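One-letter residues, chain by chain:
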Amino acid sequence: MSLNVLYIVTKLELGGAQKVCLSLFDGIRTRGGTSFLISGAEGTLAPAMQGQPNVILLDSFKREFSLSCIWTEFKNFVSLIRTIRSLKKKNPNLIVHTHSTKAGLVGRWAALFAGVSHRVHTVHGYGFHPYQSHFFWFVTFFLEWVTCLITTHYICVSSADARIGIKRFPRFSKKYSIIRAAIDWEQFYIPAHAAPVFPEQHEPFIFGTVSCFKEQKNLFDLLKAFDWVHRRNAQTRLELVGDGHLRPDIEEWIKEHNLRDAITLHGWQDHVAPFMMNWHAFTLSSLWEGLPCASVEARLLRLPVLSYNTGGISDIIKHGKNGFLYPQQDWQALAHGMLELTQKKELIRALTMYQEDLSDFNNEVMVQKHISLYTTLATQE
């Protein structure tokens, strides 16, 4: 049976959910199936997808939900139903697979009303989290709880998300799989003998991160931690690959703390591996995540990872073995860990040389596991 899968995501930015979605979109086609993509027209990756076969970019499909534009949201929902119904007429066994919170909610319901039997959703971290107001948390949780009733199958990228789903949603335990979010293995993997080395005397020790500049990533904690470290070791540097609406605030903070010579903002980059290869440690200060792909990329490059214990990162980072995990918002602990790395050459070596099995994050493995799941679903009545 030929597979026909429609992927839905709201915004084609340089995020983990989008990378997985596009990898699957290409992977299904190269293995003889038919794949479709519906997304909003915004995002760094959107221009490259514009005009490609089976790609539908909708100007009206936005990630943000607005109560003030409820009528527009309703019309967009109806339009999405029609689009899916049209695709289903030509592909009767169509499977709809959604990524990200809003696309997941809207896409699964639109698929139901369009008559699609199999509605799959990948959890890249849930839309509800402790850093929201109680009202917004409840609304987001309630919408996912109700939508769970019409979801055929969940895919979790981390064991932490799976545990939350089992605890909070009806019948979740009977309809979920853990399939890791793949990264570009060829771009990032290097053998252990090529691991980064401790910098020579008078050479800078470089910390780095890859991140959107938005509240979720909590970059000001990382900046505060680095400021504390830099005042004790002037040879340290921090590099940030990414961008976003908080960039002006970040630039102002750097200026106010006289760190313009110590912190570099590289903006978004199509290929981040060449930048990461110059680093000595990877840092992460996110408040909520599914499983940050950048932490896997860092480990493939043999970089020690210092991170808040957020989402499913503990699936990858083993405290004291290939990195260190700290309580969220405890930037002082993160700072002390960063400073310790700059002082202990043998610790750096031990962290870089730790041998973990990251094969599940290989793109070939991820695509094949999805195909096996789709095939199972397609054969069910």
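Keep in mind that this is a model prediction, so the values were computed, not measured.

Draft legend 1. Layout of the overall build of the chain. Within the chain one finds 14 helices and 13 strands. For 381 residues, the compact-globule estimate of 2.2 N^0.38 gives 21 Å, and the chain sits close to it at 21 Å. Dimensions of the chain, computed from the C-alpha atoms along their principal axes, are close to 65 × 45 × 40 Å. Evaluated residue by residue, the chain yields a buried proportion of 57% over its 381 residues. A fraction of 70% describes how many contacts in the chain between residues 6 or more apart in sequence connect residues 24 or more apart. As presented, the chain carries roughly 17,200 Å² of accessible surface, and 54% of it is formed by carbon and sulfur atoms.

Draft legend 2. Just unusual backbone geometry, in detail. Even without being a glycine, Asn54 presents a positive backbone phi close to 65°. Structurally, Asn54 can be placed in the loop between helix 2 (46-49) and strand 3 (55-58). In this structure Asn54 comes out as partly exposed when scored by relative accessible area, which is 32%. Despite not being glycine, Gln329 shows a phi value in the positive range, around 70°. Mapped onto the elements of the fold, Gln329 is located in the loop between strand 13 (323-326) and helix 12 (331-343).

Draft legend 3. Just helix 5 (residues 134-148), in detail. For helix 5, built from 15 residues, the straight-helix expectation of 21 Å at 1.5 Å per residue is met to within 8% by its first-to-last C-alpha distance of 21 Å. Along helix 5, the positions that sit buried rather than exposed are Thr140, Phe141, Glu144, Thr147 and Cys148. Angularly, the buried residues of helix 5 cover 130° about the axis, an arc narrow enough to put them on a single face. Of the exposed residues in helix 5, the ones pointing more than 90 degrees away from its buried face are His134 and Phe135. Of the surrounding elements, those touching the buried residues of helix 5 are helix 4 (101-113), strand 6 (153-156) and helix 6 (159-168).

Draft legend 4. Just the sheet that holds strand 9 (residues 236-241), in detail. Across the sheet, which stays open at both edges, the six strands sit in the order 10-9-8-11-12-13 with parallel pairing between neighbours. Pairing within the sheet leaves two strands with one partner each, and these edge strands are strand 10 (263-267) and strand 13. Strand after strand, the sheet turns through a mean of 20° between neighbouring axes, direction not considered. One ladder, built from four bridges, connects strand 9 with strand 10; its direction is parallel. Across the sheet, residue Leu238 finds its bridge partner in strand 10, namely Ile263.

Draft legend 5. Highlighting the packing of helix 3 (residues 70-90) against helix 4. For the pair helix 3 and helix 4, the least separation of the axes is 9 Å and the interaxial angle reads 55°. Comparing their axes, helix 4 and helix 3 come out oblique. For helix 3 against helix 4, the interelement crossing comes out right-handed. Contacts between helix 3 and helix 4 involve Glu73, Phe77, Leu80, Ile81, Ile84 and Arg85 from the former and Lys102, Val106, Gly107, Trp109, Ala110, Ala111 and Phe113 from the latter. For the contact of helix 3 with helix 4, the residue count by class is nine nonpolar, one polar and three charged.

Draft legend 6. Highlighting the packing of aromatic side chains. Applying the stated criterion across every chain, the model contains 16 aromatic pairs. Ring geometry for Trp137 against Phe141: centres 5.1 Å apart, planes inclined by 20°, an arrangement best described as stacked. Taken together, the residues span about one helical turn, with Trp137 and Phe141 both in helix 5 at a distance of four residues. The partly exposed category is assigned to Trp137, whose relative accessible area is 23%. Chaining the aromatic ring pairs together yields one cluster made of Tyr126, Phe128, Trp137, Phe141, Tyr154, Phe169, Phe172 and Tyr176. Over the face of the ring belonging to Phe141 we find Arg168, whose NZ or CZ atom lies 5.8 Å from the ring centre.

Conventions used here
Here the residue index of a chain counts from 1 through its sequence in written order. Totals for whole chains, interfaces and linings use all residues, but because this is a predicted model, local features are given only for residues with pLDDT of at least 70 and pairs of side-chain atoms are given and counted only at 80 or more. To obtain the side-chain values, all non-hydrogen atoms of the structure were included, while hydrogens and water were left out. We count a stretch as a helix when DSSP gives it H or I for four or more residues in a row; a strand needs E for two or more, and each element gets its number in order from the N terminus. Here the globule rule reads 2.2 Å times residues to the power 0.38, and the radius of gyration is calculated from C-alpha atoms. Type-normalised accessible area, obtained with a 1.4 Å probe on protein chains alone, sets the label of each residue: buried when under 20%, exposed when over 50%, and partly exposed for intermediate values. Contacts between residues were defined by any pair of non-hydrogen atoms, one from each residue, lying within 4.5 Å. Each accessible area value is a Shrake-Rupley result obtained with a 1.4 Å probe; residue values ignore everything except the protein chains displayed when judging cover. A helix's residues, less one, multiplied by 1.5 Å, set its expected span. What the arc describes is the spread of directions from the helix axis to the C-beta atoms. Two strands make a pair as long as DSSP finds a minimum of two bridges between them. Whenever a helix is involved, its axis is fitted only over the stretch in contact; in every case the axis is a line through C-alpha atoms, and angles between N-to-C directions fall within 0 to 180 degrees. Any angle that falls under 35 degrees is termed roughly parallel, while one over 145 is termed roughly antiparallel, one within 65 to 115 roughly perpendicular, and all others oblique. Crossings are assigned a handedness: left-handed for a near helix turned anticlockwise from the far helix by less than a right angle, right-handed for a clockwise turn. Note on residue categories: nonpolar means Ala, Val, Leu, Ile, Met, Phe, Trp, Tyr, Cys or Pro, charged means Asp, Glu, Lys or Arg, and polar means any other residue, Gly included. Classification of ring pairs uses Phe, Tyr and Trp, with its six-membered ring standing for Trp, and accepts pairs whose centres are within 6.5 Å; under 30 degrees between planes counts as stacked, over 60 as edge-to-face, and the remaining range as tilted. A positively charged side chain is recorded as over a ring if its NZ (Lys) or CZ (Arg) lies within 6 Å of the ring centre. The angle to the ring normal must also be within 35 degrees.

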